Amino acid sequence: MLSCSSYTLIALAALLVTCHALSKCPETSGLPGIPGRNGLKGLPDSLASKFALANLKHRLFQLEAALALNGKIRKVGEKILASNGKKADFVSALQSCEEVGGTLAAPKNEEENKAIMDIVKQYNQYAYLGIRKGETSGQVKYLNGMPLSYSNWHQHEPNGKGTEKCVEMYTDGTWNDKKCNMYRLTICEF
Ligand code: MAN
Ligand code: CA
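Residues numbered from 1 in each chain as written. Chains lettered and ligands numbered in written order. Predicted model: local features only at pLDDT ≥ 70, side-chain atom pairs only at ≥ 80, totals over all residues. Heavy atoms only, no water.

Asks: So what's going on with the overall build of the protein? Residues and values would help.
Replies: Helix and strand counts for the protein stand at four helices and eight strands. Put simply, the protein runs from its N terminus to its C terminus through helices and strands in the order α-α-β-β-α-β-α-β-β-β-β-β. Each of the 190 residues in the protein was classed as buried or not, and the buried ones make up 37%. The contacts of the protein with a sequence gap of at least 6 include a subset with a gap of at least 24, amounting to 59%. Carbon together with sulfur atoms contributes 56% to the accessible area of the protein, which is approximately 11200 Å² in total. (Helix = DSSP H or I, 4+ residues; strand = E, 2+ residues; numbered from the N terminus. Buried < 20%, exposed > 50% of the residue type's maximum accessible area, 1.4 Å probe, protein only. Contact = heavy atoms within 4.5 Å. Areas by Shrake-Rupley, 256 points an atom, 1.4 Å probe, with all protein chains shown as cover.)

Here's what the structure looks like:
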């Protein structure tokens, strides 16, 4: 079964071949940002940009498939989850996610929780989540300050009162409020 993007690519490739057969396409350069892709220059802009977009989608599909194959990434809904395999305190873990344009993974539903748990299991290391307690209120929030919309607390958690401001995920996917200065697996979402 071919993916949608494959069909689009095949359709556009067929058009290109036709175009070549009729000698209407100069063999010169490709579109900007698509190095090595020849024969697009003589196409109408609308078709050339469709081809460029289909080509990019195809390339992304290939990359995601290759990375998912060996467990480097996990796709869940619109999110991509990945770990650098390193343990760090909460601030450093968050920093390494932000440095590469992501943030610490925070599960918003059961499916995301399971995907994060799979990585926790893969490395057999508890992980910090992108969730923490308000400095004064003690209210549990996402890093953007919004209140939790989903939770999966372990039995009798959260129990930390003032001292446990961060949240870790256990290997069974349940959560524990925890001090922020422990060394826990870094899992980012993008
Ligand atoms: C330790 C800490 C706490 C946790 C309890 C559970 O004391 O990890 O955060 O609540 O264990 O027994
Ligand atoms: Ca606790």
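Let's pick the thread back up.
Asks: Pulling in residues and values, what's your account of helix α4 (residues 110-123)?
Replies: With 14 residues, α4 extends 20 Å between its outermost C-alpha atoms, agreeing within 8% with the 20 Å of an ideal straight helix rising 1.5 Å per residue. Those residues of α4 that fall on the buried side of the exposure criterion are Glu112, Asn113, Ala115, Ile116, Met117, Ile119 and Val120. On its buried face, α4 sits against β1 (74-76), β2 (79-88), β4 (127-133), β6 (166-169), β7 (175-178) and β8 (184-189). Once α4 ends, the next one or two residues include Asn124, with phi positive near 50°. (Expected span 1.5 Å × (residues − 1).)

Asks: Go over the nonpolar core, please, and point to the residues and values.
Replies: With 20 residues, the main nonpolar core has Leu81, Ile116, Leu129, Ile131, Met169, Trp175 and Ile187 as its most contacted residues. Residue contributions to this core peak at five residues, all from α4. Counting nine residues, the second-largest nonpolar core is a separate cluster that includes Ala88, Phe90, Ala93 and Tyr128. (Core = buried A, V, L, I, M, F, W, Y, C linked by side-chain atoms within 4.5 Å.)

Asks: Quick rundown of the coordination of the calcium ion (ligand 2)? Include the residues and the values.
Replies: Protein coordination at the calcium ion (ligand 2) comes from Glu157 (OE), Asn159 (OD1), Glu164 (OE), Asn176 (OD1), Asp177 (O) and Asp177 (OD), with a distance range of 2.2 to 2.6 Å. Each donor residue of the calcium ion (ligand 2) lies on one chain, and together they are spaced E-x1-N-x4-E-x11-N-D. For the pair Asn176 and Asp177, one class covers both residues: buried. (Donors = N, O, S within 2.8 Å, 3.2 Å for Na, K, Ca; no water.)

Asks: If you had to explain the state of the cysteines to someone new, which residues and values would you point to?
Replies: By the definition in use, this model includes two disulfides. Covalent S-S linkage joins Cys97 and Cys188, the inter-sulfur distance amounting to 2.0 Å. Between Cys97 and Cys188 the sulfur-sulfur dihedral comes to about -85°; the bridge is accordingly left-handed. Taken as a pair, Cys97 in helix α3 (residues 90-99) and Cys188 in strand β8 lie far apart in primary sequence, 91 residues in all. In terms of burial, Cys97 and Cys188 fall into one category: buried. The disulfide that involves Cys166 links it to Cys180, with 2.1 Å between the sulfurs. Disulfide Cys166-Cys180: torsion about the S-S bond near 105°, hence right-handed. In this pair, Cys166 is assigned in strand β6 and Cys180 in the loop between β7 and β8, connecting sequence segments 14 residues apart. Its relative accessible area of 28% is what places Cys180 among the partly exposed residues. (Disulfide = S-S within 2.5 Å.)

Asks: Please give an account of the site of ligand 1 that cites residues and values.
Replies: Taken together, Glu157, Asn159, Glu164, Asn176, Asp177 and Lys178 form the complete shell of residues around ligand 1. Glu157 is positioned such that a nitrogen or oxygen atom in its side chain is 2.5 Å from an oxygen atom of ligand 1. Within the backbone of Asp177, a nitrogen or oxygen atom sits 2.9 Å from an oxygen atom of ligand 1. Within the complex, the protein chains bury 51% of what would otherwise be the 300 Å² of accessible surface of ligand 1. (Near = heavy atom within 4 Å. Polar contact = N/O pair within 3.5 Å; in protein donor to acceptor, adjacent residues only side chain to side chain.)

By themselves these figures say nothing about function.
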